[in-house]
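Listed here are the chains, written in short residue letters.
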Amino acid sequence: MLITEYRLDLVILALRTILPLEHPADTTLRYFFKNERIGSNERAIVAETSFGVLRHRLLLEVACDGKATPRRMALAYLVKFGGYNLREIQPVLKRDEAEWLATAKGVQYEGQSLSVQAELPEWLIEKMRASYSDEEILTLGQAMQQGAPLDIRVNTLLAKREDVLQKLQEQNIDATVTPYSPIGIRLKEKIPLNKDALFTEGKVEVQDEGSQLLGFLLAPKRNDMVVDFCAGAGGKTLMLSALMNSQGRLYAMDVSEKRLANLKPRLKRSGASNIQPMLIAHENDLKVKRLSGKIDRVLVDAPCSGLGTLRRNPDLKFRQSPRSIEELNQKQTAILASASRLLKKGGRLVYATCSILPEENQHIVQAFLAGHPDFVLLPAGEILQQQKIPLEMGDYLELRPNLHATDGFFAAVLERI
């Protein structure tokens, strides 16, 4: 796509809006597009360049040699990662920029610090070193610099995977089955799925394969009483309902009215009839206490740093900090303790995050088990085998983009004895 002055100006304007990182980049970009009312080609180049700059920001700052303005970052990204050569960019350059840009183009990852090579801030590298080698950090960081594919989950209440796959292939959409989830499909290209009949009829939902596997770890039975404790907009709730064949009872709890409101249109499309959205004020709400000891299965998809989703949300590595992780740890501990009280004896709880940091994962679970002798850890690997999911795991589910082509996920399966 040709880079014109108009397109470059839009990119620079978008970066100026995003780079303070006061809000999530995708939200800021959505408002930017709403205000600017620009064509689809312009949207594509603005989105691609903005997210590209966030993915490669640390190297681009080196290439900009201490003057990392939105304009310079955009130009450096376009020639280094955007597939443009200097000749194509020449018409939009100001005087003296060509020489600087030629130098910037030559700046490579080799020889840079681990932080720059892995595109992860120093504080995060230090935290990761407690449980990862430098080589593992680099490999993981490099995998996070790639864009993520689009995974969808087939709603088994309304469709079969092979039928959905056939429909996609009839539309010449490059689609394959996901290697682990028996109800997932991976699309090579991102397509405007919300306009597709498969989506509007509720036959598919967008959901990363890693997230789909959480439902199989929880493995709810048809007539169970189930709670999705941090339901959000309900992607996992809808999957659990399908696994239950829309029988039994499924409570979708969340502290955000807005998030639960986003579940309503999805619920309507899905054909699920056993879901009860429930707004709670906090994890110790009276509504939660009333269900104490009555629930068969509880999913705790805990609020977390989201550092496993950097392929999709590269801004998170700059928006989180050691302090925000500490605050999240307190929340995670309180939520897990509260959610565990819902379980019957013999009931199962899955604690999950989309983080790659042990202090949000293993450490939280181990501290919980130490304080709750009536709970045991069930090996995640064995449960996946029971579910006929071909994935080697030990005590925990630990997914990584470099190993499994999913987001970074963690899950622990706990049982009340």
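Please refer to the structure placed before this passage.
None of the values given here were measured: they were computed from a predicted structure.

*Asks:* Describe in detail the packing of aromatic side chains, supporting the description with residues and values.
*Replies:* The full count for this structure, using the stated rule, is five aromatic pairs. Taken together, a centroid distance of 5.2 Å and an interplanar angle of 40 degrees make the contact between Y396 and F410 tilted. Pair noted here: Y396 is in the loop between helix 20 (380-386) and strand 11 (397-399) and F410 is in strand 12 (residues 409-416), with a separation of 14 residues, a long-range link. The exposure class assigned to Y396 is buried, which follows from its relative accessible area of 12%. Take F410: its relative accessible area is 1%, and that puts it in the buried class. Three or more aromatic residues joined by ring pairs form one cluster here, namely Y77, F81 and Y109. Of note, R269 hangs over the ring of F199, and the distance from its end group to the ring centre comes to 4.3 Å.

*Asks:* Before we move on, could you go through the side chain of S355 and cite the residues and values that matter?
*Replies:* In this fold, S355 is placed in the loop between strand 9 (343-353) and helix 19 (362-371). Within the structure, S355 has its side chain in polar contact with the side chain of E360 (distance 2.6 Å). The contact partners of S355, leaving out residues within four places of it in the chain, are C304, S305, L307, G308, E360, N361, G408, F409 and F410.

*Asks:* Help me get a handle on the packing of helix 2 (residues 25-36) against helix 3 (residues 40-55), residues and values and all.
*Replies:* Between two packed helices, both the angle of their axes relative to each other and the distance between the axes serve to describe the pair. The N-to-C vectors of helix 2 and helix 3 enclose an angle of 155 degrees; their axes lie 12 Å apart at closest approach. In terms of their interaxial angle, helix 2 and helix 3 are classed as roughly antiparallel. Seen from above, helix 2 lies across helix 3 with right-handed handedness. On helix 3, the residues that touch A25, D26, L29, F32 and F33 of helix 2 are R43, V46, A47, S50, F51 and L54. Class assignment of the residues belonging to the contact of helix 2 with helix 3 gives a composition of eight nonpolar, one polar and two charged.

*Asks:* Outline unusual backbone geometry, supporting the account with residue identities and numerical values.
*Replies:* The phi dihedral of S246 is positive, around 60 degrees, even though this residue is not glycine. Relative to the helices and strands, S246 resides in the loop between helix 14 (235-243) and strand 6 (249-254).

*Asks:* Could you give an account of the sheet that holds strand 3 (residues 184-187), naming the residues involved and the relevant values?
*Replies:* By definition, the strands of a sheet pair up through backbone hydrogen bonds, in either a parallel or an antiparallel sense. The strand order across the open sheet built from four strands is 2-3-1-4, with neighbouring strands paired in antiparallel fashion. Edge positions in the sheet fall to strand 2 (175-177) and strand 4 (204-206), since each of these pairs with one other strand and no more. Going from strand to strand, the sheet's axes swing by 30 degrees on average, the running direction of each strand aside. The pairing of strand 2 with strand 3 spans three bridges and is classified as antiparallel. Paired with V177 across the bridge in strand 3 is I185.

*Asks:* Now, about the pattern of salt bridges: what can you tell me, with residues and values included?
*Replies:* Counting across every chain of the model gives 22 salt bridges. Across the salt bridge formed by D407 and R312, the nearest N and O atoms sit 2.8 Å from each other. Of the two residues, D407 sits in the loop between helix 21 (401-404) and strand 12 while R312 sits in the loop between strand 8 (295-301) and helix 17 (316-319), which places them 95 residues apart along the sequence. According to the relative accessible area criterion, D407 is buried, its value standing at 3%.

What counts and how
Residues numbered from 1 in each chain as written. Predicted model: local features only at pLDDT ≥ 70, side-chain atom pairs only at ≥ 80, totals over all residues. Heavy atoms only, no water. Phe/Tyr/Trp six-rings, centres within 6.5 Å; stacked < 30°, edge-to-face > 60°. Helix = DSSP H or I, 4+ residues; strand = E, 2+ residues; numbered from the N terminus. Buried < 20%, exposed > 50% of the residue type's maximum accessible area, 1.4 Å probe, protein only. Lys NZ or Arg CZ within 6 Å of the ring centre and 35° of its normal. Polar contact = N/O pair within 3.5 Å; in protein donor to acceptor, adjacent residues only side chain to side chain. Contact = heavy atoms within 4.5 Å. Axes fitted to C-alpha atoms, helices over the stretch in contact; angles between N-to-C directions. Parallel < 35°, antiparallel > 145°, perpendicular 65-115°, else oblique. Left-handed = near helix turned anticlockwise from the far one by under 90°. Nonpolar A, V, L, I, M, F, W, Y, C, P; charged D, E, K, R; others polar. Pairing = 2+ DSSP bridges. Salt bridge = Lys/Arg side-chain N within 4 Å of Asp/Glu carboxyl O.

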